[in-house]
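# Summary of the model geometry
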Amino acid sequence: MVIRQISILGVGLLGGSIGLAAKSALSDVEIVGYGHRKSTLERGIEVGAIDRAVMGVTEAVEGADLVILCTPVGIFERLIGEMRGGLKAGAVVSDVGSTKRSVVKVAEERLAAGVHFVGSHPMAGSEKRGVEFARADLFAGATCILTPTGRTDAGAIGAVEGFWKSLGMRCTRLSPEEHDRLLAEVSHLPHAVAAALVSLQSEGALSLAGKGFLDATRIAGGDGGLWRDILMDNKDNVLASIGVLKERLGELEKLLKGTEREELAKWLDGAAARRAKLVELKLREINPD
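In this report, the structure presented in the accompanying data block is examined. (Residues numbered from 1 in each chain as written. Predicted model: local features only at pLDDT ≥ 70, side-chain atom pairs only at ≥ 80, totals over all residues. Heavy atoms only, no water.)

## Description of the overall build of the chain
For clarity, the threshold we go by: Helix and strand labels come from DSSP, where a helix needs a run of H or I of at least four residues and a strand needs a run of E of at least two; each type is numbered from the N terminus. Note on method: radius of gyration uses C-alpha positions; expected globular size equals 2.2 Å times residues raised to 0.38. Under the scheme applied here, a residue whose accessible area is under 20% of the maximum for its type counts as buried, over 50% as exposed, and between as partly exposed, the area being computed with a 1.4 Å probe on protein chains only. Pairs of residues are marked as contacts when any of their non-hydrogen atoms sit within 4.5 Å. Only the protein chains shown count as covering a residue, and every accessible area follows the Shrake-Rupley method with a 1.4 Å probe.
For the chain, the helix and strand inventory stands at eleven helices and nine strands. A compact globule built from 289 residues should have a C-alpha radius of gyration of about 19 Å, and the chain, at 21 Å, falls within 12% of that. Taken along the three principal axes of its C-alpha coordinates, the chain extends 70 × 40 × 40 Å. Within the span of the chain, comprising 289 residues, buried residues form 37% of the whole. Summarising the internal contacts of the chain: among those between residues at least 6 apart in sequence, 72% fall at separations of at least 24. Roughly 15,500 Å² of accessible area belongs to the chain as shown, and the carbon and sulfur atoms make up 54% of that amount.

## Things to note about the pattern of salt bridges
The line we're drawing: Each salt bridge in this description consists of a side-chain nitrogen of Lys or Arg and a carboxyl oxygen of Asp or Glu lying within 4 Å of one another.
For the coordinates displayed, the defined rule picks out 22 salt bridges. A salt bridge links arginine 101 to aspartate 236, with the shortest nitrogen-to-oxygen separation between them at 2.8 Å. Pair noted here: arginine 101 is in helix H5 (residues 101-110) and aspartate 236 is in helix H10 (residues 235-257), with a separation of 135 residues, a long-range link. Overlapping salt bridges bring together Arg101, Asp180 and Asp236 as one network.

## Brief notes about helix H9 (residues 224-233)
Basically, it comes down to this: The arc in question is traced by the directions running from the helix axis to the C-beta atoms. Polar contact is the term for a pair of N or O atoms within 3.5 Å; when the atoms are in protein, one must be able to donate a hydrogen and the other to accept it, and sequence-neighboring residues count only if both atoms are side-chain atoms.
Along H9, the residues classified as buried are Trp227, Asp229 and Ile230. Here the buried residues of H9 occupy an arc of 155 degrees about the axis, which is enough to place them on one side. Opposite its buried face, H9 presents the exposed residues Arg228 and Met232, each directed more than 90 degrees away. Taken together, the buried residues of H9 touch helix H7 (176-197). Regarding H9, its N-cap is aspartate 223, as a side-chain oxygen of that residue lies 3.1 Å from the backbone nitrogen of glycine 225 further along.

## Some details on the layout of surface pockets
So the rule is basically this: Using a grid of 1 Å spacing that covers the protein atoms alone, one calls a set of points a cavity when a 1.4 Å probe fits there but cannot get out, and a pocket when the set is open and has protein on both sides within 12 Å along at least five of seven lines; lining residues are those with an atom within 4 Å of a point. Grid points are joined across faces, edges and corners, and a volume is the space filled by probe spheres set on the points. Any residue that is not Ala, Val, Leu, Ile, Met, Phe, Trp, Tyr, Cys, Pro, Asp, Glu, Lys or Arg is counted as polar, Gly included; the first ten are nonpolar and the last four charged.
Here the second largest pocket is characterised by a volume of approximately 180 Å³. Lining the second largest pocket are Ala107, Glu108, Leu111, Ala112, Gly114, Val115, His116, Phe117, Arg151, Thr152 and Asp153. Counting only elements with at least two residues in the lining of the second largest pocket, the list comes to H5 and strand S6 (116-117). Class assignment of the residues belonging to the lining of the second largest pocket gives a composition of five nonpolar, three polar and three charged.

This is the structure:
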């Protein structure tokens with residue numbers, strides 16, 4: 001698929017970064033931005049993330065080869081319904097949402113015949129918000145998860161995968177169900193835990209917090225509305241992960257109440273070793289040679 005027009009619905013950090021990266025990687029492409037705040041769209045044009053701003057969904061997707069949903073997942077269903085009449089035959093719709101089951105279901109049910117949907121989740125971002133923080137290199141070296149189903153058009157999968165690779169991403173594929181289960185463990189629960197950690201301090205404790213505490217709670221600075229939608233949309237998997245976390249904390253509680261100091265050290269060393277392997281894995285992904 002030759003991409004001449006990309007319509008980005010939601011011109012924030014991710015949407016803006018997609019626009020900047022696509023304009024850097026692709027030739028002769030027009031980036032159309034949709035949003036409900038005129039000031040945000042104007043800022044998107046100022047920073048070079050979009051070429052044209054539109055405040056109507058149908059108009060925004062007219063003529064688009066690729067449409068990417070970059071709003072909070074809670075409004076995906078509305079946008080998919082509104083875009084239906086404006087999409088041309090052969091258009092491909094994708095997204096950057098952190099949950100997949102709901103959007104894939106809605107898209108497969110509501111998009112017109114001849115329009116293709118491929119769920120995608122670029123694992124890149126920041127706790128910062130707004131198009132002013134958009135970067136053309138945000139996706140370089142990161143992983144993008146595609147979530148095709150048995151109904152997904154093979155050509156559309158290839159087109160979306162090729163697009164993310166052109167932005168410097170590595171791509172992998174999971175079912176929507178597997179995606180949501182695994183992301184609950186490595187993304188959704190960690191965000192909720194960071195939020196809980198930053199809310200439990202006694203009076204005077206925060207003034208003593210050091211870099212370790214800031215590192216552990218950095219992601220709690222994310223947008224509350226966006227994360228509310230993610231946690232509610234994937235609440236079954238998040239609740240299951242909370243149950244496993246309670247088990248691990250129960251192990252720690254038992255060790256602390258006991259007298260076996262070496263067992264506590266082994267518990268902590270086990271976690272340290274697991275993290276070291278994770279760091280090594282990520283370094284190999286960045287520098288495969």
